[in-house]
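# Chains, contacts and geometry: an overview
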Amino acid sequence: FIGDRSQGFGALERFGADFMNHFRLKVRAGVHTKGLQIIDSPGMIDSKQTMAASGRERGYDFLGATKWLARRADVILLFFDPAKPGTTGETLDCLTQSLAGLDHKLHIIMNKVDSFGNIHD
């Protein structure tokens, strides 16, 4: 998929094998999605210290890859789970670095917000 120049993702090869091993193509038969591509990136991690301590190093430039994809996207959906507020470290980096200047495309979705009883939960 990445190697198919007609898809427009060939430049992603610069992010290396660790990134490429996570990039997958799924095709849905019977769904009318001509011209529609949805890219689901990995979730964001709290901090570099948390990543290193847990052995969850990405092995590629996550913010760079996010920026590359975001610049080419028509719409960016950022799903934020308020029940897991510990993911703020990389989320803030992504918002201030990778998505800077792309706020006209960005939509923040508050996932599971209906499960809270009041605004202070």
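On a predicted model such as this, the values are computed, not experimentally measured, just so you know.

## Topic: the overall build of the chain
Secondary structure assignment for the chain yields 4 helices and 2 strands. In the chain, which comprises 121 residues, the share counted as buried stands at 25%. For the chain, the share of sequence-separated contacts (at least 6 apart) that also reach a separation of at least 24 residues comes to 69%. Surface summary for the chain: the accessible area is close to 8900 Å², and the carbon and sulfur share equals 53%.

## Some thoughts on the confidence of the model for the chain
The predicted structure's coordinates, where accompanied by low pLDDT, should not be read in detail. Counting all residues, the mean pLDDT for the chain is 78, and 78% of those residues have values of 70 or more. Put simply, helix α2 (residues 48-54) is where the chain has its lowest mean pLDDT, 60, and helix α3 (residues 62-72) is where it has its highest, 90.

## With respect to the layout of surface pockets
Put simply, the largest pocket is a space of about 1800 Å³. Every residue lining the largest pocket is counted, 44 residues in all, and those nearest its centre are Gln37, Ile38, Ile39, Asp40 and Ser41. Of all the elements in the fold, those that place two or more residues in the lining of the largest pocket are α3, β1 (76-80) and α4 (88-98). By residue class, the composition of the lining of the largest pocket is 26 nonpolar, 10 polar and 8 charged.

## Quick look at the side chain of Ser98
Within the fold, Ser98 resides in helix α4. For Ser98, a relative accessible area of 1% gives the class buried. In this structure the side chain of Ser98 is engaged in a polar contact, spanning 2.6 Å, whose partner is the backbone oxygen of Leu63. If we ignore the near neighbours within four places in the chain, the residues touching Ser98 are Leu63, Thr66, Lys67, Ala70 and Asp93.

## A look at the packing of aromatic side chains
The geometry of an aromatic ring pair is captured by the separation of the ring centres together with the interplanar angle, meaning the angle of the planes. Summed over all chains, the structure comprises 3 aromatic pairs. Judged by centre distance (5.1 Å) and plane angle (65°), the ring pair of Phe19 and Tyr60 falls under edge-to-face. Placement of the pair is Phe19 in helix α1 (residues 16-20) and Tyr60 in the loop between α2 and α3, with a sequence separation of 41 residues. Phe19 gets classed as buried once you look at its relative accessible area, which sits at 6%. Ring pairing ties together the aromatic residues Phe15, Phe19 and Tyr60, which thus form one cluster.

Rules used in this analysis
Residues numbered from 1 in each chain as written. Predicted model: local features only at pLDDT ≥ 70, side-chain atom pairs only at ≥ 80, totals over all residues. Heavy atoms only, no water. Helix = DSSP H or I, 4+ residues; strand = E, 2+ residues; numbered from the N terminus. Buried < 20%, exposed > 50% of the residue type's maximum accessible area, 1.4 Å probe, protein only. Contact = heavy atoms within 4.5 Å. Areas by Shrake-Rupley, 256 points an atom, 1.4 Å probe, with all protein chains shown as cover. pLDDT = per-residue confidence, 0-100. 1 Å grid on protein atoms, 1.4 Å probe; cavity = no way out; pocket = protein on both sides within 12 Å on 5 of 7 lines; lining within 4 Å. Points joined across faces, edges and corners; volume = space filled by probe spheres on them. Nonpolar A, V, L, I, M, F, W, Y, C, P; charged D, E, K, R; others polar. Polar contact = N/O pair within 3.5 Å; in protein donor to acceptor, adjacent residues only side chain to side chain. Phe/Tyr/Trp six-rings, centres within 6.5 Å; stacked < 30°, edge-to-face > 60°.

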